[in-house]
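Examination of the molecular architecture
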Amino acid sequence: MSTFSILIDVKKCTGCYNCFLSCRDEYCGNDYPGYSAAQPIEGQSWMTIQEVERGEYPKPKIDYVPRPCMHCADAPCMGAVEPGVVYRRKDGVVIIDPQKAKGKKEIVDACPYRVIFWNEALQVPQKCTLCAHRLDEGGQLPRCVEACPTGALVFGDLDDPTSEIATLSKKLATEQLHPEYATKPRVSYVGLPKRFIAGEVVFADRSDECAQGVEVTLEGGGVKLSTTTDVYGDFEFDGLAKNVDYRLQVTAPGYEEARCQVVTLRDVVLGEIVLAPK
Ligand code: SF4
Ligand code: SF4
C-alpha cells in the first residue's frame, strides 16, 4: 500500500512560480488518456500560488502558499457524482475521469479548496492529478516537485516510514490548509502564515548606535518566547497565534525596562521602543 502526497514548506517557498509554470507546461495542450484531458492555454492553474500580504510599513512581508489539489481522504468531489466518475486510486491519488466526467459541471462546485476548473471547450472538469501518468511511467516525480529549486515541495509515500515525507511529517509540526473544511487533506503544510510581532529597540542616549543584542521576551497564550535584537536593533516573533493577548518585555543592562501589551488581532509592527538610561 502507498499513499502519495506532497508536504509543502511555506517558509522555503520564494514565490518563483517554477511549479506553476512546469505544471502548465506538462498539461497545456497535452492529453493523457485515462488521467486528464488537455488543459486550455488560458483560465486554469492546477498549481496556484496564493500570495499572502502581511504586516505594514516599515515591515511588510509576503508569504507564498502553493495550492495544488489536496487529494483529500474524505473528498467531497468524489461524492458529488455517481461512483467511478471521481475516484481514489490505491496510491491515494484522486482522479477525475476525463471521459466519465464530461458534462458534469457540479464537480467544480463540490471542492471547497476551489482547485477544480471547468474546461468549456471539452465540457469537462479538471484538476491536479499529482502527475499520476508520470508516477505510473516509472516513479517520476510530479513536475511541480521536480521544478522546485528550494525544496519547498517534498513528494513521497506517507506509508513508507523510510521516505523523506514520512520522516518530515513525523518530525515537523505539520498543518492542514483550511482544516475547517473537514476533508482530511493528504497534502500537508509547514509554516502556514500566522501572526508576527516586530519592532525596533533604540537607546535614548545613543541615537547614533543600533541597540544590538537587547533581550526581548514575549509571554502569552501559554507560551514564553525570547530573542535578541539584530545588528539594526530589530526583533521579530513569527508563527504566533491569532487573537492572543501577549506581554512584551525589553531589557538591557543600564537601562529602564520597557513593557507593553500586544493583541495579535493582526500582524503588529510596534515601531521604535526607546530605552531610557537608569
Ligand atoms: S482538494 Fe478538492 S478536488 Fe482535491 S480531492 Fe479535495 S475536494 Fe477533491
Ligand atoms: S517552485 Fe518551489 S519555491 Fe517556486 S513557487 Fe513553487 S513551491 Fe515555491
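Residues numbered from 1 in each chain as written. Chains lettered and ligands numbered in written order. Predicted model: local features only at pLDDT ≥ 70, side-chain atom pairs only at ≥ 80, totals over all residues.

Let's talk about the overall build of the protein chain
- Each helix and strand counted, the protein chain has six helices and 16 strands in total.
- In terms of C-alpha radius of gyration, the protein chain reaches 24 Å, well past the compact-globule figure of 19 Å for 278 residues.
- The C-alpha extent of the protein chain, read off along each of the three principal axes, is 75 × 40 × 30 Å.
- Across the 278 residues that make up the protein chain, the buried fraction comes to 31%.
- Restricting the contact set of the protein chain to residue pairs at least 6 apart, pairs at least 24 apart contribute 58%. (Helix = DSSP H or I, 4+ residues; strand = E, 2+ residues; numbered from the N terminus. Rg over C-alpha atoms; globule rule 2.2 N^0.38 Å. Buried ≥ 20, exposed ≤ 12 C-beta atoms within 10 Å, placed from the backbone. Contact = placed C-beta atoms within 7 Å.)

Let's talk about the sheet that holds strand β12 (residues 223-228)
- Reading across the sheet, the four strands line up as β12-β11-β14-β15 and stay open at both edges, with antiparallel pairing between neighbours. Both outer strands of the open sheet, β12 and β15 (258-263), are each paired with one neighbouring strand and no more. The sheet shows a mean angle of 20° between the axes of neighbouring strands, direction not considered.
- Looking at chain direction, strand β11 (residues 215-220) and β12 are connected through six bridges and run antiparallel. What sits directly across from Thr 217, in β12, is Ser 226. (Pairing = 2+ DSSP bridges. Axes fitted to C-alpha atoms, helices over the stretch in contact; angles between N-to-C directions.)

Concerning the pairing of β11
- Between the end of β11 and the start of β12, which pair antiparallel, lie two residues, with Gly 221 showing a positive phi angle near 60°.
- Here β11 runs beside strand β14 (residues 245-251); their pairing, made up of five bridges, is antiparallel. Each bridged residue has a counterpart across the sheet, and for Glu 219 the counterpart in β14 is Arg 247.

Observations concerning the nonpolar core
- In terms of nonpolar packing, the biggest core is built from 44 residues, with Ile 6, Val 94, Cys 144 and Leu 153 touching the most fellow members.
- Of all elements in the fold, only β1 (4-9), α1 (18-27), β5 (94-96), α4 (132-136), α5 (143-147) and β8 (153-157) reach the threshold of two or more residues within this core.
- The element that contributes the greatest number of residues to this core is β1, accounting for four residues.
- Look past the residues within four positions of Ile 6 in its chain and what remains in contact with it is Pro 68, Val 145, Leu 153, Val 154, Phe 155 and Val 187.
- Membership of the second largest hydrophobic core comes to 15 residues, among which are Ile 197, Phe 235, Tyr 255 and Leu 275. (Core = buried A, V, L, I, M, F, W, Y, C linked by C-beta atoms within 7 Å.)

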